[in-house]
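Here is how the chains run, residue by residue.
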Amino acid sequence: MRHETVLICVLVLLLSTIPAAQEKLYVFYPTTTRPQVIQDRMSSSFDGVTVTVFGRYNDFTAKVGMDPPDAIITKPALISQIGGYTIVLNAQRRGKTEEAYVLVSINTPLDPASVNGETVLGAIDLLGRNGMKTFSEQFFSVEPKIKRVTKVEDLLPLLSFNMAAGIVIEDVFVNYFKTTSQLQFAITSLTGSKGGILALAVRDGSKADKTVAALKKNDKEICGMFEVDSWK
Amino acid sequence: MEMNSDYQQSGKGILRSNLHTLLCIIVVMVSIVSARDCILTFRQMGKDFEDVYLGVSEELGSDFDVKEVAINKKSDVSVITEAMNAYHPKLVILMDNTTIALYKKYQATLGPDAEIIPSVSLMGVMIKDAIADLKNAAGISYEIPIVTSIVSLRAILGLPMKKVGVVNREFLKDFLSQNREFCKREGIEIVNESLPNKSDSYRMLLKKALENLVSKNIEALWIPNDNALLHPELIKNVWLPFVKKYRIPVVVGVEVLVTPKINLGTFAVLPDHVALGTQAAEIVYDIMDNGWKVDKMRVDPPLAVYKIINLLQAKKSFNVSDEKLKAVDKKLR
C-alpha cells in the first residue's frame, strides 16, 4: 500500500514537470511583410504555441490537409473553404470586421461596371483558382480573367507592364503602392464584399487557449503586421 | 436434382458473366472520367528547375495529368519524340534554352499538317529570341526587369534613384531599350555604357565606362548577369575598387555577389522559382481557355522576385532601417 502511494506521488510529480503540449498555429495572410518576419515575431510572443506562417495558398492548404493544426489565422472565406474550423476571434480595422476592397488602375479609374469576360485583373491568391472566381463574383456582374499572384508587391508589375487593366486589393494596401511606385494610381471603391478581414479559427474538437490569449493581448507590432487594429 | 444443379450452375455462370460485364463497364467509366489532359514538362535537373516544376504541378495537378521528362546535355530529339508519343500532351512546358532547342528540332520533324501543340517556355536566356520561330508558343522571360529591381531597392533604401547606370555588352541593346520605357514611367532614367560583344580589353573598357557613368551622376548601378563582365579578374580589379571608392548602391542578379565576403552588390534580385512555375501554370490555363491556341506569341516578364540584401553594406553605407528590411527575403550578414 505504501509502495503504491509512493508510486502515485512520483507519477504526479513527473507529470507536473512535463511541459503542457504546444499548440500548433498556422497563419496565411499575404501582406507586405515577409512570412518569416511575422513568424519570428509571433513565435517570440506566443508562449506555448508553435507558429508557422505561410506565404502561398497552395503551401498553406496542403499543410492544413496533411497535418491539421489546432488553430489557423486566415481569411474567413478560406476558413469556410477548408472546413472543420470554427471562428473564435475576428480582426478589426477601423472598428470594422468586414474587408474593404478597391480597384486600382493606372492614370484613369476603371469602372467596375465596364469589367467583362476579357478584362484581366490582378489579385492576391487567397482562395485558389476556383475560390478566386467566386471571390470576383461579389464585385463584378461578369467574371473577369483573374491573374493570381503570391505577394502584394507582385501586383505592381502587372500594372507596370500593362499585363492587367487593374488590380483588386484590400484598401489598406493602397498606401504600399503609392509609397513604392511613382505610377499615377486611380482608386475605385468596390462594393459588394461580404467577407471578413481576418479571423482566428480553432479546429473542431480542439483547443487553442494559448493562441486566443496571446492574440487578445493585441500586441501593436503583431497587429501592425496584419494591418489590423485589434482582435475581438 | 441434377437439373436443378445444372440450373444453379447456369445461374451462377450468368451472374458471373454479368458481374464481369459490370466490372468492365465500371473500369471503362472510371478511365473515361479520370482521363485528364496531360501537361508535359521537359526540364533539366537541379533545385531551381525542381522549384519551378513544383509551382507548375501544384497549380495544375488538380485539373491535369502533369508529367515531367528530364533533359540533359546529352539528350537528343528522340527523348522529346518518345515522350510526345507516349503522353500525347495538350501542352508542353519547356525549361531552358537546351530544351527549347531540342523541341524546335522535334517540331521540324513534324509534317506540314501535323497539329502544333502549344508550348510555354521559361528559364532560358532571352526567351523572346529563343522561341521566335516556334509556333503556337508563349513564354516568361528569365531576366528580371530593371524597373522591378530598382523600384524595390528605392523603397528599401529610401533614396530617389532618378539615374541608374548600366554597363552592358551590345547584345543587351533590345533588353535595355524595353527597360528604358518601363523605368521612365517610374521616373527612373537608365544611363548606359555599351561595350563590344567581344574584346580582349574589357578591364580597361569597363573601368572607363564606370568612370563615365559616375561623371553622369548616377545614383545606383545595375549589373547584368553577364559572365564576360563578371569574370573574377574584373570583379577583383575593376568592380570592387569602384564600389569601394564611390559607395553607390549596386544591384546584382546572383546571390554570391551580395555576400559580405565579396561585398560587391548591395541588393540581389533573383527569380522566385516556385512563383515562376505558378505564373507558367496561369498561362497554361489562359491557353486552355483560348482553345489551346496562342493567338500571338506572348512573352511575359517574371512577376515574383526573391530579394537578398547585403546587410553589412546596406546598414553601413546606406543606413537602411529595420522596418524597410521586413520586405526582404534574405539578409546576409
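The rules we used
Residues numbered from 1 in each chain as written. Chains lettered and ligands numbered in written order. Predicted model: local features only at pLDDT ≥ 70, side-chain atom pairs only at ≥ 80, totals over all residues. Buried ≥ 20, exposed ≤ 12 C-beta atoms within 10 Å, placed from the backbone. Helix = DSSP H or I, 4+ residues; strand = E, 2+ residues; numbered from the N terminus. Pairing = 2+ DSSP bridges. Right-handed = clockwise from strand over helix to strand, strands pointing away. pLDDT = per-residue confidence, 0-100. Contact = placed C-beta atoms within 7 Å. Domains from an automatic or database assignment. Core = buried A, V, L, I, M, F, W, Y, C linked by C-beta atoms within 7 Å. Nonpolar A, V, L, I, M, F, W, Y, C, P; charged D, E, K, R; others polar.

Engineer: For this particular structure, what's the right way to read the pairing of strand β1 (residues 23–28) of chain A?
Structural biologist: Residues and elements named next belong to chain A. Most of β1 sits inside the fold, with five of its six residues counted as buried. Across six bridges, β1 lies against strand β2 (residues 49–54) in parallel orientation. The residue bridging K24 from the neighbouring strand is T50, located in β2. One crossover worth recording links β1 to the parallel β2 by way of helix α2 (residues 35–45), and it is right-handed. Strand direction decides the pairing type here: β1 and strand β3 (residues 71–74), joined by three bridges, are parallel. Bridging across to β3, L25 finds its partner in A71.

Engineer: Just to check I follow, could you spell out the confidence of the model for chain B for this structure?
Structural biologist: Note that predicted coordinates carrying low pLDDT should not be read in detail. Residues and elements named next belong to chain B. Model confidence for chain B is summarised by a mean pLDDT of 91, while 90% of its residues fall at 70 or above. In this model residues 1–7 is a low-confidence stretch, pLDDT under 50, and it forms zero contacts with partners more than four residues away in sequence or in other chains. The ipTM assigned to the predicted complex is 0.86, against a pTM of 0.87.

Engineer: I would appreciate a short explanation of the domain arrangement of chain B in the present structure.
Structural biologist: Buried accessible area, meaning the area lost when the parts come together, often serves as the stated size of an interface. If you check the domain split of chain B, you get domain 1 (38–143 + 273–304) and domain 2 (146–271 + 306–332). Distance from the C-alpha centre of domain 1 of chain B to the C-alpha centre of domain 2 of chain B: 31 Å.

Engineer: Help me understand the nonpolar core, please; the structure alone is not making it clear to me.
Structural biologist: The tendency in soluble globular proteins is for nonpolar side chains to be buried as a group. Core analysis: the biggest nonpolar cluster contains 153 residues, and A:V27, A:I167, B:L122, B:I150, B:V164, B:V251 and B:A280 have the highest contact counts within it. Tallying contributions element by element places helix α10 (residues 273–289) of chain B first for this core, with eight residues.

Engineer: Hey, could you run me through the interface of chain A and chain B in this one?
Structural biologist: Listed as interface residues are 20 residues of chain A and, on the opposing side, 21 residues of chain B. When contributions to the side of chain A that touches chain B are tallied by element, the ones reaching two or more residues are β7 (145–149) and α6 (155–160) of chain A. Counted by class, the side of chain A that touches chain B contains seven nonpolar, eight polar and five charged residues.

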